[in-house]
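# Structural characterization, general
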Amino acid sequence: MSEMKTHIDVKATVDSKNWFYNDTVKEHFFTPKNFLKDEKEVEEFEKVSNGVGQVGSPACGDMMKLWIRVEDDVIKECKWQTFGCASAIGSTSMLSLMVTENEGMKVDEALKITPQDIVKRLEGLPARKFHCSVLGDKALRGAINDYFRQSGQDDKVIVEGAKIIDKILKITDKDIEEAVLEGARTLEEVQKKTKIGAQDKSCIPEVEQLIRFYTEKYFG
Amino acid sequence: MENKTVYLDNAATTAVDPRVVEAMIPYFNENYGNPGSMHSLGLGGQVALDNSREKISSILNCSTEEILFTGSGTESCNMAIKGVAHHLGKKLKKGNHIITQKTEHHAVLETCEFLEKEGFEVTYLDVDRFGMVNLDDLKNAIREETILVSIMYANNEIGTIQPLEEISDICRENKILFHTDACQAGNYLDLDVEKIGCDLLSLNGSKIYGPKGVGLLYLRKGIMITPLIHGGGQERRLRSGTENIPLIVGFAKALEIATAEKEGETERIGKLSKKLTEGILSTIPKAFLNGHPEKRIVSNVNISILDVEGEAVLLYLDHRGVCASTGSACTSKTLDPSHVILATGLPYEAAHGSIRFSLGRNTTNEEIDYVLEILPEIIKNVRGISPVNLKAEDFKEYLSEANKKISLGVVA
Ligand SMILES: Cc1ncc(COP(=O)(O)O)c(C=O)c1O
Ligand code: FES
């Protein structure tokens, strides 16, 4: 039989309270704000909304759709639907509240909201549920871009272009971002998810830099 | 009902039966001796240990030396698979190939993956849409180097019962050792190792109203394994460490009760789960039963409800006092949906919306009525929020009328 390897790499991971939700999250989950509760409401709101964004979560395969009604660059209404977990529901409910409270938020301001801001207002989410708050945030960005296009402000559209990092396997910075959001923190973990650098070794220093960047950005 | 907990997660773990608690209590601080000690307290421990082993071996229809106590079902599976692999594979160099299947518990899958890193080769057999392994696939997977087949008795997520006797025949014909993870079988299925025909069997206390953190490995006489744990030489030098007498006593008592109540409970719980399944499928559109319609553990009701995400459903249920579980990616640590549901060929959306209710000794008819009363409304709410609207025709096969009728009888 083949030679046995002797060195085995098994790493311990710590995740306590991995699904514990605080009262604020629970409140937004059990009584979500601003969601569209059926096809009819979607139809009605689509008549007045002037921006829509939709994203799928790379991490768990979930989905988020978000509509906005903007008047003079101020978000007056923000409605959404999700095929996602309690964190996705809670964080999007909170986001919809944040952008519409006090007479509404200017789109430029809304674009500055980060997933951390949402999590902060929710008084915390379990670490492994962080990616769910990104879902609503990305959908909002999509909806605002859509609004820019619909209102003839194409110059303002922000294209979050992906840059190819691994030139052989065509793996982008977005793929690294997603891997980090799914919990990868080291080169090995990102490689496990993406195979990045398996052939194109030259990209590894850049990959490591990006892992540090995204870890800092989302979890710093 | 609103203020009461309706526990329908017995496949995750069961409450410890009060009779078991009572049996265990004296062994904590009255009769606490170490069976290895040369005094009367030590002897008391030894007697309790012997009696427990005796009880269990008569239920498993084996001899007392063939029972090795461990610290959990997971440990038993590890001990069986690594033990055989290291002894037959590494030491005797008889071969480096293991066969298992895709819907095993992580206790088996991760162990096999670990052995792959050591250089072993593992075949993970596919299952059909009911979660059954195909015996021809098994035969075809066997090689000259195959040393072990590990196929579970009943699946913890979808309840499917595998044809162990046939698998055992195939293994014997080919002189391959056969291990089965029987952790979900103790309450409802026959644990007679001669009938099953296995060489190794893993069982634990946590699913049979016994304590958690105790298990056993049945190891057929004459089979050698390399131990995982070395030390003072307990359990025939195969599992060192001072025997955990209170837990072992509780485990034996639990197995004794489960065996005595098997027939009655199979019938009683079978009726309740049939009612629950048919009730859900007749009131909630776009839902279907996962697992095998007949060859399933009577306590398991695993339903995929399209267009909903399981974690949200669980939290709503929990809010109303009902404990269940889901195969949704959102609740798993890795964010991967249930490997079991995916292995039956369903897309991840259907795994996302899978809800498992596992009934048990304390489940009542009123509790089932209560779940049937609140679930449709919860699903309506969660579906309302969801932008997903899967086409029923894509799941035609699963949603057919025939699938709504299940026959939960006493399973052979
Ligand atoms: C089929 C199966 N195997 C193994 C185990 C692991 O048992 P334990 O939790 O005692 O380690 C379980 C329970 O989680 C199980 O359901
Ligand atoms: S949306 Fe899937 S984990 Fe939150």
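Everything numeric in this text was worked out from a predicted model, so none of it was measured. (Residues numbered from 1 in each chain as written. Chains lettered and ligands numbered in written order. Predicted model: local features only at pLDDT ≥ 70, side-chain atom pairs only at ≥ 80, totals over all residues. Heavy atoms only, no water.)

Once that is clear, we can look at the overall build of chain A. Looking only at helices and strands, one finds nine helices and six strands in chain A. Taking all 220 residues of chain A together, 50% fall into the buried category. Taking contacts inside chain A between residues at least 6 apart in sequence as the whole, the part at least 24 apart equals 60%. A total of about 11300 Å² of accessible surface is found on chain A, and carbon and sulfur atoms cover 52% of it. (Helix = DSSP H or I, 4+ residues; strand = E, 2+ residues; numbered from the N terminus. Buried < 20%, exposed > 50% of the residue type's maximum accessible area, 1.4 Å probe, protein only. Contact = heavy atoms within 4.5 Å. Areas by Shrake-Rupley, 256 points an atom, 1.4 Å probe, with all protein chains shown as cover.)

Another aspect to go through is the sheet that holds strand β3 (residues 97-101) of chain B. Working definition: the strands of a sheet are paired by backbone hydrogen bonds and lie parallel or antiparallel to each other. Residue and element names in this part refer to chain B. Strand order across the open sheet formed by seven strands is β2-β8-β7-β6-β5-β3-β4, with mixed pairing between neighbours. Each end of this open sheet is capped by a strand with a single partner; those strands are β2 (67-70) and β4 (121-125). Within this sheet the neighbouring strands show an average axis-to-axis angle of 20°, counted without direction. Examined bridge by bridge, strand β5 (residues 146-150) and strand β6 (residues 177-181) share three bridges and lie parallel to one another. Each residue of the ladder has a partner; that of Leu148, found in β6, is Leu177. In the packing of helix α5 (residues 106-117) onto the sheet, contacts are made with β3, β4, β5 and β6, and the angle to β4 comes to roughly 150°. Contacts from helix α7 (residues 164-173) reach β5 and β6, with the element oriented near 160° to β6. (Pairing = 2+ DSSP bridges. Axes fitted to C-alpha atoms, helices over the stretch in contact; angles between N-to-C directions.)

For any pair of aromatic rings, the description rests on two quantities: the centre-to-centre distance and the angle between the ring planes. All told, the structure shown has nine aromatic pairs over all chains when counted by the stated rule. Between Phe35 of chain A and Trp80 of chain A the ring centres are 6.0 Å apart and the planes differ by 50°, which places this aromatic pair in the tilted class. With Phe35 of chain A in the loop between α1 (23-30) and α2 (39-48) and Trp80 of chain A in strand β3 (residues 74-83), the pair connects residues that are 45 residues apart, well separated along the chain. By relative accessible area, which is 24% here, Phe35 of chain A ends up partly exposed. Among the residues examined, Trp80 of chain A registers a relative accessible area of 0% and is labelled buried. With centroids separated by 6.0 Å and ring planes inclined at 25°, the aromatic side chains of Phe288 of chain B and Phe395 of chain B adopt a geometry described as stacked. (Phe/Tyr/Trp six-rings, centres within 6.5 Å; stacked < 30°, edge-to-face > 60°.)

One frequent convention defines the size of an interface as the accessible area lost when the parts assemble. Residue and element names in this part refer to chain B. In terms of domain boundaries, chain B breaks down into domain 1 (6-13 + 262-402) and domain 2 (18-258). Taken residue by residue, the interface counts 31 residues in domain 1 and 34 residues in domain 2. For the domain 1 face of the interface with domain 2, the top three residues by lost area are Lys262, Ile297 and Arg361, together amounting to 27%. Here domain 1 is connected to domain 2 by zero salt bridges. Applying the counting rule to domain 1 against domain 2 returns 18 residue pairs in polar contact (both at pLDDT 80 or more). (Domains from an automatic or database assignment. Buried area = accessible area lost by both parts, 1.4 Å probe. Salt bridge = Lys/Arg side-chain N within 4 Å of Asp/Glu carboxyl O. Polar contact = N/O pair within 3.5 Å; in protein donor to acceptor, adjacent residues only side chain to side chain.)

In this section: helix α3 (residues 40-60) of chain B. Residue and element names in this part refer to chain B. For α3, spanning 21 residues, the distance from its first C-alpha to its last is 30 Å, which sits close to the expected 30 Å at 1.5 Å a residue. Taken together, the buried positions of α3 are occupied by Gly42, Gly44, Gly45, Ala48, Leu49, Ser52, Arg53, Ile56, Ser57, Ile59 and Leu60. Immediately beyond the C-terminal end of α3, within one or two residues, lies Asn61, with a positive phi of roughly 60°. (Expected span 1.5 Å × (residues − 1).)

All right, on to α7 of chain B then. All names here are of chain B. Residues of α7 that are buried: Leu164, Ile167, Ser168, Ile170 and Cys171. Across the axial projection of α7, the buried residues extend over an arc of 160°, all falling on one side. On its buried face, α7 is in contact with α6 (135-141), β5, β6 and α8 (193-196). One or two residues past the end of α7 sits Lys175, with phi positive at roughly 55°. (Arc of directions from axis to C-beta.)

There is about 520 Å³ of room inside the second largest pocket. If you go around the second largest pocket, you meet 25 residues; those closest to its centre are Lys37 and Asp38 of chain A together with Arg383, Gly384 and Ile385 of chain B. Listed by contribution, the elements that provide at least two residues to the lining of the second largest pocket are α2 and β2 (63-71) of chain A together with α13 (365-385) of chain B. No other element matches the five residues that α13 of chain B contributes to the lining of the second largest pocket. Broken down by class, the residue content of the lining of the second largest pocket amounts to 10 nonpolar, five polar and 10 charged. (1 Å grid on protein atoms, 1.4 Å probe; cavity = no way out; pocket = protein on both sides within 12 Å on 5 of 7 lines; lining within 4 Å. Points joined across faces, edges and corners; volume = space filled by probe spheres on them. Nonpolar A, V, L, I, M, F, W, Y, C, P; charged D, E, K, R; others polar.)

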